[in-house]
Amino acid sequence: MSPVNARAADADADSRLSAEPGGESCQFRVMPGTSRLAVALLLVVLSGCGRLIPNTVPPSGYTPYAPAPNPGPSVYVAPEAGVIDQPIDSETLGRVQRATQTLAQCEAELEAARVTFSPTPDRVNSETCGLTAAGVLGPDMGTTARMAPSDVTMTCTLAAAVSVWRRQSVEPAARELLGSDVVEIDHMGVYACRGVRTDAGSTSRASAHSRAAALDFSGVRLRDGRRITVAGDWASGTPESRFLHRIRDEGCRIFGTVLSPDYNAVHHDHLHLEAESGRLCR
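Parameters at a glance
- Residues numbered from 1 in each chain as written.
- Predicted model: local features only at pLDDT ≥ 70, side-chain atom pairs only at ≥ 80, totals over all residues.
- Heavy atoms only, no water.
- Buried < 20%, exposed > 50% of the residue type's maximum accessible area, 1.4 Å probe, protein only.
- Helix = DSSP H or I, 4+ residues; strand = E, 2+ residues; numbered from the N terminus.
- Arc of directions from axis to C-beta.
- Contact = heavy atoms within 4.5 Å.
- Pairing = 2+ DSSP bridges.
- Axes fitted to C-alpha atoms, helices over the stretch in contact; angles between N-to-C directions.
- pLDDT = per-residue confidence, 0-100.
- Salt bridge = Lys/Arg side-chain N within 4 Å of Asp/Glu carboxyl O.
- Parallel < 35°, antiparallel > 145°, perpendicular 65-115°, else oblique.
- Left-handed = near helix turned anticlockwise from the far one by under 90°.
- Core = buried A, V, L, I, M, F, W, Y, C linked by side-chain atoms within 4.5 Å.
- Disulfide = S-S within 2.5 Å.

## Structural notes on helix H3 (residues 92-99)
Each α-helix winds once per 3.6 residues, and so residues spaced three or four apart point in a common direction. Among all positions in H3, only Thr-92, Leu-93, Arg-95, Val-96 and Ala-99 are buried. The buried residues of H3 occupy an angular sector of 165° when projected down its axis, which confines them to one face. Buried residues in H3 make contact with helix H4 (103-112) and helix H5 (156-178).

## Some points on the environment of Leu-158
Secondary-structure assignment places Leu-158 in helix H5. Residue classification places Leu-158 among the buried residues on the basis of a relative accessible area of 0%. It is 8.9 Å that separates the C-alpha atoms of Leu-158 and Ala-134, two residues lying 24 residues apart in sequence. With near-sequence residues (within four places) excluded, Leu-158 lies in contact with Val-190, Ala-212, Ala-213, Ala-214, Leu-215, Phe-255, Leu-273 and Ala-275.

## Thoughts on the sheet that holds strand E3 (residues 115-119)
If you walk across this open sheet you meet the three strands as E3-E6-E8, and the pairing is antiparallel. The sheet is open, and its two borders are formed by E3 and strand E8 (152-155), each paired with just one other strand. Neighbour-to-neighbour, the strand axes of the sheet open up by a mean angle of 40°, direction not taken into account. Judged from the four bridges that link them, strand E6 (residues 134-140) and E8 form a sheet pairing that is antiparallel.

## Regarding the confidence of the model for the protein chain
The predicted model of the protein chain averages 82 in pLDDT, with 71% of residues at 70 or higher. The low-confidence segment residues 49-56, where pLDDT is below 50, has 12 contacts with residues more than four positions distant or belonging to other chains. Confidence over residues 62-76 falls short of pLDDT 50; this stretch has three contacts with residues more than four positions distant or in other chains.

## Comments concerning the side chain of Asp-140
Positionally, Asp-140 belongs in strand E6. The exposure class assigned to Asp-140 is buried, which follows from its relative accessible area of 0%.

## Brief notes about the pattern of salt bridges
Scanning the entire structure with this criterion turns up 16 salt bridges. In this structure, Arg-248 engages Asp-262 in a salt bridge whose closest nitrogen and oxygen atoms are separated by 3.3 Å. Placement of the pair is Arg-248 in helix H7 (residues 239-251) and Asp-262 in the loop between strand E14 (257-259) and strand E15 (271-274), with a sequence separation of 14 residues. A relative accessible area of 9% places Arg-248 in the buried class. Residue classification places Asp-262 among the partly exposed residues on the basis of a relative accessible area of 42%. Overlapping salt bridges bring together Asp-85, Asp-140, Arg-166 and Arg-167 as one network.

## Some details on the packing of H5 against H7
Close contact between H5 and H7 brings their axes to 10 Å; oriented N to C, the two are set at 155°. The angle between H5 and H7 places the two elements in the roughly antiparallel class. When you trace H5 past H7, the crossing you get is right-handed. Here Trp-165, Gln-168, Ser-169, Val-170, Pro-172, Ala-173, Ala-174, Glu-176, Leu-177 and Leu-178 of H5 lie close against H7, whose contacting residues are Pro-239, Glu-240, Arg-242, Phe-243, Arg-246, Ile-247, Glu-250 and Gly-251.

## Structural notes on the nonpolar core
Grouped together as the largest cluster of nonpolar side chains are 50 residues, with contacts concentrated most on Leu-110, Trp-165, Phe-217, Val-220, Phe-243, Ile-247 and Phe-255. Among the elements that make up this core, the one with the highest residue count is H5 (12 residues). If sequence neighbours within four positions are ignored, Phe-217 has contacts with Trp-165, Ile-185, Asp-186, His-187, Val-230, Leu-244, Ile-247, Asp-269, His-270, Leu-271 and Leu-273.

## Remarks on the state of the cysteines
Summed over all chains, the structure comprises three disulfides. Between Cys-129 and Cys-193 runs a disulfide, and the two sulfur atoms are separated by 1.9 Å. One quick way to see it: the torsion about the S-S bond of Cys-129 and Cys-193 is about 90°, and its sign makes the bridge right-handed. Of this pair, Cys-129 sits in the loop between strand E4 (123-124) and strand E5 (130-131) while Cys-193 sits in the loop between strand E9 (182-187) and strand E10 (195-198), placing them 64 residues apart in sequence. Among the residues examined, Cys-129 registers a relative accessible area of 4% and is labelled buried. Exposure remark for Cys-193: the relative accessible area of 46% places this residue in the partly exposed category. Shown here is the disulfide that connects Cys-252 with Cys-281, its sulfur atoms set 1.7 Å apart. Every disulfide takes its handedness from the sign of the S-S torsion; for Cys-252 and Cys-281 that torsion is 70°, giving right-handed.

What follows is the structure in structure tokens.
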């Protein structure tokens with residue numbers, strides 16, 4: 001090709017390039033058939049199109065990519081999350097009831113507080129007896145006090161109420177009044193398919209025990225070896241007696257029904273702690 005024809009070809013190739021310099025960037029369109037000479041000219045043009053890559057130092061805290069949004073927990077969290085670790089006040093009973101309206105809410109509360117609870121299938125044992133929204137209450141990993149006997153089957157609502165009572169009443173009262181930690185909480189059981197007992201005998205009205213909704217507390221064992229019992233210390237007028245009366249009174253703010261030796265002779269040796277909607281404290 002002659003020099004004249006070469007220059008004509010390059011000029012024609014250049015016509016297939018377009019550059020639009022504009023402040024901080026340039027845009028180019030390279031058409032098919034562009035010659036090597038035209039590409040070289042393009043590189044020269046690029047060097048004068050302003051800053052294509054900023055050369056300033058990024059500001060403090062700058063990240064090139066925004067962090068992915070937190071999707072939140074993958075399981076249901078109860079609206080009243082944290083009820084087990086809240087101090088006892090006039091609203092405690094209501095908080096416990098709202099936080100345990102469904103089994104899912106109740107389980108979330110216990111899990112958040114590190115209380116071991118293993119749900120069991122619902123079952124009907126008789127016309128008035130059975131289990132609904134219940135499970136096995138295991139160790140509370142946030143405390144030192146353990147239930148004896150351990151691994152007790154009860155409603156989830158009762159498990160939550162017992163957990164509040166243990167952390168917010170029994171343990172602090174023992175340290176304050178008795179100068180020692182509680183290591184064991186003794187009880188007489190939860191589930192029993194029977195009627196309500198009175199001083200005159202059993203009645204036909206189903207007890208909360210027939211639904212695993214009540215715990216019969218009998219006493220505690222302390223780290224220093226002492227054992228405090230409702231049967232032996234309730235009326236003694238000692239610090240042990242004051243301890244038992246205090247946890248009874250505080251229990252009335254947590255449980256729907258609390259019955260003590262002050263109620264009748266049937267309860268001379270235990271506190272009946274019932275996590276249902278009734279309101280009776282004696």
